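# Descriptive structure summary
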Amino acid sequence: MSQQGYVATPPYSQSQPGIGLSPPHYGHYGDPSHAGSPPGMMKPAGPLGAAAPGGMSPQVPSPPGPHQFGQNGAHPQGHPPQRFPGPPPVNSAAPSYAPYSPSTQSSYPSPASTASVTQLASQLNAMHINSYGSGMALPGQGLPGPPAPLFQGLPRPPQPSIMQPGSQVLPPPPTALNGPGVSPLPSSTHRQDGLPGPAPLNAQYQPPPIPGQTLGTGYSPQQAASYGPQMAGGQLSYPGGFPGGPAQMAGPPQLQKKLDPDSIPSPIQVIENDRATRGGQVYATNSRGQVPPLVTTDCVIQDQGNASPRYIRCTTYCFPCTSDMAKQAQIPLAAVIKPFATIPSNETPLYLVNHGENGPVRCNRCKAYMCPFMQFIEGGRRYQCGFCNCVNDVPPFYFQHLDHIGRRLDHYEKPELSLGSYEYVATLDYCRKNKPPNPPAFIFMIDVSYSNIKNGLVKLICEELKTVLEKLPKEEQEETSAIRVGFITYNKVLHFFNVKSNLAQPQMMVVTDVGEVFVPLLDGFLVNYQESQSVIHNLLDQIPEMFADSNENETVFAPVIQAGMEALKAADCPGKLFIFHSSLPTAEAPGKLKNRDDKKLINTDKEKVLFQPQTNVYDSLAKDCVAHGCCVTLFLFPSQYVDVASLGLVPQLTGGTLYKYNNFQMHMDSQQFLNDLRNDIEKKIGFDAIMRIRTSTGFRATDFFGGIFMNNTTDVEMAAIDCDKAVTVEFKHDDKLAEDSGALIQCAVLYTTIGGQRRLRIHNLSLNCSSQLADLYKSCETDALINFFAKSAFKAVLHQPLKVIREILVNQTAHMLACYRKNCASPSAASQLILPDSMKVLPVYMNCLLKNCVLLSRPEISTDERAYQRQLVMTMGVADSQLFFYPQLLPIHTLDVKSTALPTAIRCSESRLSEEGIFLLANGLNMFLWLGVSSPPELIQGIFNVPSFAHINTDMTTLPEVGNPYSQTLRMIMSIIQQKRPYSMKLTIVKQREQPEMVFRQFLVEDKGLYGGSSYVDFLCCVHKEICQLLN
Ligand SMILES: [Zn+2]
């Protein structure tokens, strides 16, 4: 039996009984054909597949590597997906998945009925915990003082947060030193004492004080005694996440009230501390297993042999040596990979390596590409592969002598020997049909049904296209863009346009047979914009007029995608469809949808149906699109239910983007839409891509999340991938990992550039391995963990009841923390809550995830919005998911207009707001400017150019340009926040105590949710309780 690893993913997909025995559960989008053989896939399997490039049959999915993934051969391609997995079989090959099975539904919160809980509990029972001495000082009390010198670039030291009952909340000490209770971790030699900042790192937490009891600052066993049983009582499950009601208190109400929110770990503090210690510095990627600065910290990254964290971030930079350890800790081992991430101008862009006809140098056995992990031997004539250990001959053209330390003399001249990331020019072997690809095409497809014409949307789009087409992306060295463009309009039928440059007028061809779409013209449909500019402008001027008298309300949708895909296919090029659509496609055609929004399904086992596409037409369409390198980006303008779960499927699976503008109003929303459109067209993007993850022996990639499509277990196919899209990859053990060789990851993306060149983009990353759990915890990154948990949970909502998913998340959080407590923290009272430094904010972020509308079963939130957010998160990188789940909240009234730095954020809680204040909140999709009723008049004047609060018109989505420092600074801050984000955030002005405040308050994620979802404090109590149960 192979190792099935621990519990993170399979929970949701029981059809993954033991890796190596059956394929991962890819058929979950509703089309069982996914797991079957791919019809007519034309991608060259060779380069990224295991076999040598060239000579691949296009019909055959690339076979698994013969050695590196020894068990791949056992994956039957035709394994039927289990769309609605039931409980795992009793004799399942994956016993550790038990806690994730639906059968635990009723068991939570009783630990005894949950297999893994029982398992861990029994492990914990075996240990002696109550050795806490009363003479010990409180954690966090020790050694406040001026910050000690900082060790630049070192991994952050472990600094567990200790939350201890029975103690008064102490004023936050200025430093976080290893007070008692902080584990003397075995390898904490690089302790980085004295992080600056006013609030504690070792937060003092006062869980439920006992009523009537005098609380001292010291811990007393009596308090623990009376406290313990309450904690262990465990009647309570995750507060707020249950069907039917808003947040409940986690425990006896009086216990909750006395918690001081200042005493529990603050995300702001963690972010600020990291900024203070690592911000503005150069982060060199020269050592294995280094934990990078947080995503919220600005620094300059220098590639010195490992991929920049802009490209890859991991949940932990130290993997456990054995799968047993992994199971014990239950920390997901995952990488969030953004292969086309934007690199700031002060960092070095990727080098392009060109070996001419020889092509890239690769290991004969595992096909890994030449990289810094290859060891040259025998005077440079051979090299040993770091991934599979195979010894290869160095090809003659690549030979070079070694220096006295065994390094090639050209080490620093060859990017592939010394850098973590670089590109190769691919040879013809890597191209479809062994011929160079054609440059991609963009096809613009506009819904010209009655309402879109009437509200001016069609005119707006056509006007804008004239401008944005000037900015089609091009290769840096080229004068003009190689991308060709085409135009289609549609309602119930499709209109193709001939815009050939020699025409005086564009010509329209109507396709009425939407059942079987064909492309009525080849010549003149896809054209060079510069050459056909006048015909195209002519067309864009005419379109709004052309349909001005149309009263056609019905639309088709699937045939539109089909038409675009067929057109690209006919032109033999990859490309992107930009579809501008507004309504539920009810016209008679494939992919016709009916309104099936049913709130009655909420909180039932059938709720998952709301997230699944209504018909499998979209699923097979997505598959065809990926096979032909056709990426679909959808701009949706719904005024009512449009079934985002169905319409958004193709964009999601083809690496496209879904933009949604509810109740689009020209004067309010056009700016947001136009910004999105411009940004999307100009984005850096690769087409017709296949990604392959290779790993060193002992572990391998087992599950993938993102805008991807998989026809087998290893090749991640993407019609396109742009700079904002990330793929999250989960790893599991095959075998033991060795501490000395570490864990190596190589991500290779074969793709076509916007100029039509076939390339390989390689990212390498080396991680540490350890047999000490403490090392594993020390190297975790909570932001990446949340990204992983969000994606695996959001994938699971297609199959599992939400209640089960929420319980899994709570359980796993408690397990991870309980394992740390048991194995890494120094002995202390059972009732203490101890958080590892790297996971200090895991509970608050986890609670934000649990409260997200996708996981919260509430009828108040529209089904489309939930489906939209689900799809959005699936492709997010770490920085975007961090902001999305924990919004940035900035005080504006204290703004220093002379400074260009952003003000320090505050925690997302109503208690942090003040009547006299003005606050800006952003989460990547929305921005709110909240105005307290007593906001300073000079600020109101400065920002809005009106004399008082009452005069402010909230009916605006952009701030007026008032010529004074307040206005300028605030607008500058807003543009900085917007800058690096993939979606244009719509600004809403919110006045305190007015109706729109309700919407704003949903983003105050530390508070109890309006529609349910517990407060941070309540959730922390709940997790603490779970941990206590596990420890008992
Ligand atoms: Zn190899």
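First things first, this report covers the structure right here in the doc. Going along each chain's sequence as written, the residues are numbered from 1 onward. Thresholds applied to this predicted model are a pLDDT of at least 70 for local features of residues and 80 or more for the giving and counting of side-chain atom pairs; totals over whole chains, interfaces and linings are not thresholded and use all residues. Excluding hydrogens and water, the side-chain values take into account all heavy atoms of the structure.

### A word on the coordination of the zinc ion
The protein atoms donating to the zinc ion are Cys 363 (SG), Cys 366 (SG), Cys 385 (SG) and Cys 388 (SG), with metal-donor distances spanning 2.3 Å. Donor selection uses N, O and S atoms within 2.8 Å of the metal (3.2 Å for Na, K and Ca). Since no water is included, sites may look incomplete. In terms of primary sequence, the donors binding the zinc ion are separated according to C-x2-C-x18-C-x2-C.

### A look at the side chain of Ser 582
Topologically, Ser 582 is positioned in the loop between strand 17 (575-581) and helix 12 (617-627). Ser 582 sits in the buried class, given a relative accessible area of 7%. Here a polar contact means two N or O atoms within 3.5 Å. Within protein one must be a hydrogen donor candidate and the other an acceptor candidate, and residues neighboring in sequence count only if both atoms are side-chain atoms. A distance of 2.5 Å separates polar atoms of two side chains, one belonging to Ser 582 and the other to Asn 452. What makes two residues a contact is simply this: any of their non-hydrogen atoms within 4.5 Å. Filtering out sequence-adjacent residues up to four positions away, Ser 582 remains in contact with Asp 447, Asn 452, Leu 457, Phe 637, Pro 638, Ser 639 and Val 642. Note on conventions: DSSP H or I runs of at least 4 residues are helices, E runs of at least 2 residues are strands, and numbering of each starts at the N terminus. Each residue is assigned to one of three classes by its accessible area relative to the maximum for its type, calculated with a 1.4 Å probe on protein chains only: buried under 20%, partly exposed between the two thresholds, exposed over 50%.

### Points about helix 15 (residues 666-682)
One fewer than the residue count of a helix, multiplied by 1.5 Å, yields its expected span. Here helix 15 is 17 residues long and its end C-alpha atoms lie 23 Å apart, about the 24 Å a rise of 1.5 Å per residue gives. Taken together, the buried positions of helix 15 are occupied by Met 668, Asp 669, Ser 670, Gln 672, Phe 673, Leu 674, Asp 676, Leu 677, Asp 680 and Ile 681. Here the buried face of helix 15 lies against strand 12 (441-447), helix 9 (457-468), strand 17, strand 18 (630-636), strand 19 (658-660) and strand 31 (986-991).

### What about the sheet that holds strand 9 (residues 382-384)?
Being paired, for any two strands, means DSSP has found at least two bridges between them. Strand order in the open sheet formed by 3 strands is 8-9-10, and the pairing between neighbours is antiparallel. Across the chains shown, the open sheet's two edge strands, defined by having one partner strand only, are strand 8 (375-377) and strand 10 (391-393). Geometrically, the sheet is characterised by an average inter-axis angle of 30° between neighbouring strands, direction not taken into account. Two elements, strand 8 and strand 9, share 3 bridges in a ladder whose sense is antiparallel. Looking at strand 9, one finds that Gln 375 is bridged to Gln 384. The angle between two axes is taken between their N-to-C directions and runs from 0 to 180 degrees, where each axis is a line fitted to C-alpha atoms and a helix contributes only its stretch in contact.

### Topic: unusual backbone geometry
Of note, the phi angle at Asp 688 is positive, near 50°, even though the residue is not glycine. By secondary structure assignment, the location of Asp 688 is in strand 20 (residues 685-695). Residue Asp 688 is classed as buried on the basis of its relative accessible area, which comes to 6%. Here Arg 993, not a glycine, exhibits a phi torsion of approximately 65°, which is positive. Looking at the secondary structure, you find Arg 993 in the loop between strand 31 and helix 24 (997-1001). For Arg 993, a relative accessible area of 56% puts it in the exposed group.

### A few points about the side chain of Lys 840
If you trace the backbone, Lys 840 turns up in the loop between strand 27 (833-835) and helix 19 (842-851). Only 3.0 Å separates the side chain of Lys 840 from the side chain of Asp 837, close enough to count as a polar contact.

### Considerations on helix 5 (residues 267-278)
Taking 1.5 Å per residue, 12 residues should reach 16 Å; helix 5 reaches 16 Å between its end C-alpha atoms and fits that length. Taken across its 12 residues, helix 5 has 9 buried, putting it largely inside the fold. Inspection of helix 5 places Pro 267, Ile 268, Gln 269, Val 270, Ile 271, Asn 273, Asp 274, Thr 277 and Arg 278 among the buried residues, and these make up the whole buried set. Looking at the buried positions of helix 5, the neighbouring elements they touch are strand 2 (282-284), helix 19 and helix 21 (878-885). Measuring from the side-chain oxygen of the N-cap residue of helix 5 to the backbone nitrogen of Ile 268 gives 3.1 Å; that N-cap residue is Ser 266.

Any functional reading would require information beyond the geometric quantities listed.
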